[in-house]
Amino acid sequence: MAETCTWKTCEETEQNTFIVKFSNGHVKNAEELDFTVFRHLNASNPRKKNRRIVVADSDRLPYVGSNFGSGSLQSNNMCKYFVGVLDKRTMQMKVHSAQLFNMLPVIPGEATEAESENQPSTFRDKVDALIEAFGTNKQKRALNSRRLNAVGNETLHQAVAQAASNIIDQKGVETLRNEVIETEAQTDAALFLPPCNANADKLEDVYPFDQLLAPNEFESLKDVGAKYATLSPEDLQKMRDERCPQTVLKHLQTLSKDEADRDRQCRCAWYLSFVIRASLQKQLSFKFGSEDGCPRIILNKVLKNFTVESFHNGSLRNTVSMSMRMKMASYCLALLLHMGGQTANLTLLHRDMSISDNKMLEVAKAMGLTLSRQSTLGTDGALMQDEHRMVSLVLPLVRYDRRMERKKRKRMN
C-alpha cells in the first residue's frame, strides 16, 4: 500500500522541532523528563534570534543543551536536519526542520559557562592553572610557596597599615614629620662624622683619639713627627712661603716644651697636614706623600677611609669626592680639638681645605660643638677687623635645629 506524506516548513506550521542527545547514555523513560525551551529576547538581531537553550529536568540531575557556544554540536552549522512526524490516525507524515542539542548534565554548585566567561582571567592565572594540572612537583611546590608568600605579604601590609594609622592618630602628622627629619639628619651626619660618644664623662672621650689615629698608626708617625720637632724659625718661614696650612703652622709655633706633649703635637700636626693636602687633590695615587716619607699604613688609611674607588679606562682610581672632603674636615676638626685643648679655629681650617664657611659650619653643628667668635691680633698687637669663628667642645653637646625652609630659586635673567 502506498503511503503519502505532506511537506510543510517550520514557518508554515510555526512549530519548532528539537532533537536532543544525552552525552552520558540513553533515556529509558522520556516521559519522566520535563523539557523547557528558552529563546533569545533580541529577535531583531539576526545572529541571536535563533539561539535556543533546552533544559531537561529529572529526579537526579538537570540536563542543559544549547545551539550556540562551545557546548553545541558543530554539525549544526554544516548540515540541515529534518524530522518526520507520523499521524497514526490519518497515517500522514509531516516533515519539519529540526535542530540537534547535546544535553550535558549540570552538577549543582559548579560554575556555569556564563559565569566562567564573565570572570576575568589573567595570563598568570592561566599559567597557574596549567601548573596545577600538568606541572611537575617542583613547579607545584613553587606555586604553593608563592601563594603563601602573597598571603603573608598581604597580611603584613594590612598590619603595617593598621600600625601606621594608630601611630598617626596618637602622635599626629607634624610630630612624625619632625621625627623623620631628625632621623634623616642623624643618618646623613653619621656618614661623614667620626665616632662619637655623646654620653662620655670626659671631653677627650667624646671623640676618642684612638678612633682618629689607631695606636699602630700613631706609632708609625714617630720619624716624620721628629722632623717637625726640630724646626727653626727659618724653616717655619719657608713652610709659610710654600703655602703650608695655616692651621698646622699655628700649632707648630706654639709647641709645648714638655717632650712627650711636644712629640704628640708634632705627630698630629704632620698627619693633619697630610690629610689637608690630600683633601685638595681630585684623586690620590699610591705615590702620594712618598717624597715626604709618608708611612705606608697612613697612606692606606687615607685611601681606604677618605676616597671613593672608581674605574676609568680599565684602571682603578681613588677619587676624593665632595662627601669625602666633608668627612676629612670632620676628622681634622676632631683632631684639632685634641691638639688645642678641645678648642679649634674653624675659620683657618675652612680656608686651608678650600671648603665654604657654610659647609664647615654644618660640620661643626653636626658634631655638636659650641660656636663663638674671636678677634685676631696683627703683628703690631692691634685688633684686626677679621674675626675668626672658634669652636669648642662642651658637655652636653649642643643640639642645633635643622632649618626646614627651602632655598629660594635664583631669578633667571
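Refer to the preceding data block for the structure.
Cut-offs used in this document
- Residues numbered from 1 in each chain as written.
- Predicted model: local features only at pLDDT ≥ 70, side-chain atom pairs only at ≥ 80, totals over all residues.
- Heavy atoms only, no water.
- Buried < 20%, exposed > 50% of the residue type's maximum accessible area, 1.4 Å probe, protein only.
- Helix = DSSP H or I, 4+ residues; strand = E, 2+ residues; numbered from the N terminus.
- Arc of directions from axis to C-beta.
- Axes fitted to C-alpha atoms, helices over the stretch in contact; angles between N-to-C directions.
- Parallel < 35°, antiparallel > 145°, perpendicular 65-115°, else oblique.
- Contact = heavy atoms within 4.5 Å.
- Nonpolar A, V, L, I, M, F, W, Y, C, P; charged D, E, K, R; others polar.
- Phe/Tyr/Trp six-rings, centres within 6.5 Å; stacked < 30°, edge-to-face > 60°.
- Lys NZ or Arg CZ within 6 Å of the ring centre and 35° of its normal.

Trainee: Before we go on, may I ask you to explain helix α15 (residues 357-366) in this structure?
Mentor: Along an α-helix, a turn takes 3.6 residues, which lines up residues three or four apart on a common side. Burial in α15 covers these residues: Met-360, Leu-361, Val-363 and Ala-364. Along the axis of α15, the buried residues cluster in a sector spanning 155°; they form a single face. In α15, the exposed positions angled more than 90 degrees off the buried face are occupied by Asn-358 and Glu-362. Immediately downstream of α15, the backbone of Gly-368 shows phi near 75°, a positive value.

Trainee: Hey, could you run me through the packing of helix α8 (residues 222-229) against helix α11 (residues 259-279) in this one?
Mentor: Packed helix pairs are specified by the crossing angle of their axes together with the interaxial distance, meaning the distance between the axes. Two numbers describe how α8 lies on α11: the axes approach to 8 Å, and their chain directions differ by 105°. Viewed along their axes, α8 and α11 adopt a mutual orientation that is roughly perpendicular. Between α8 and α11, the residues in contact are Lys-222, Val-224, Gly-225, Tyr-228 and Ala-229 and Arg-262, Cys-266, Arg-267, Ala-269, Trp-270 and Ser-273, respectively. Residues belonging to the contact of α8 with α11 are distributed by class as follows: six nonpolar, two polar and three charged.

Trainee: Before we go on, may I ask you to explain the packing of aromatic side chains in this structure?
Mentor: The geometry of an aromatic ring pair is captured by two quantities: the separation of the ring centres and the angle between the planes. Enumeration according to the criterion identifies six aromatic pairs in this entry. Between Phe-18 and Phe-101 the ring centres are 5.2 Å apart and the planes differ by 75°, which places this aromatic pair in the edge-to-face class. Linking Phe-18 in strand β2 (residues 17-22) with Phe-101 in strand β7 (residues 92-105), this pair joins segments that are 83 residues apart in sequence. Relative to Phe-288, the ring of Phe-274 has its centre 5.4 Å away and its plane inclined at 50°; by these criteria the two rings are tilted. In this pair, Phe-274 is assigned in helix α11 and Phe-288 in the loop between β8 (283-284) and α12 (296-306), connecting sequence segments 14 residues apart. Its relative accessible area of 0% is what places Phe-274 among the buried residues. Aromatic rings pair up to connect Trp-270, Phe-274 and Phe-288 into one cluster. The lysine or arginine in question, Arg-264, covers the ring of Phe-209, its NZ or CZ lying 4.3 Å from the ring centre. Sitting over the ring of Phe-218, Arg-267 keeps its end group 4.7 Å from the ring centre.

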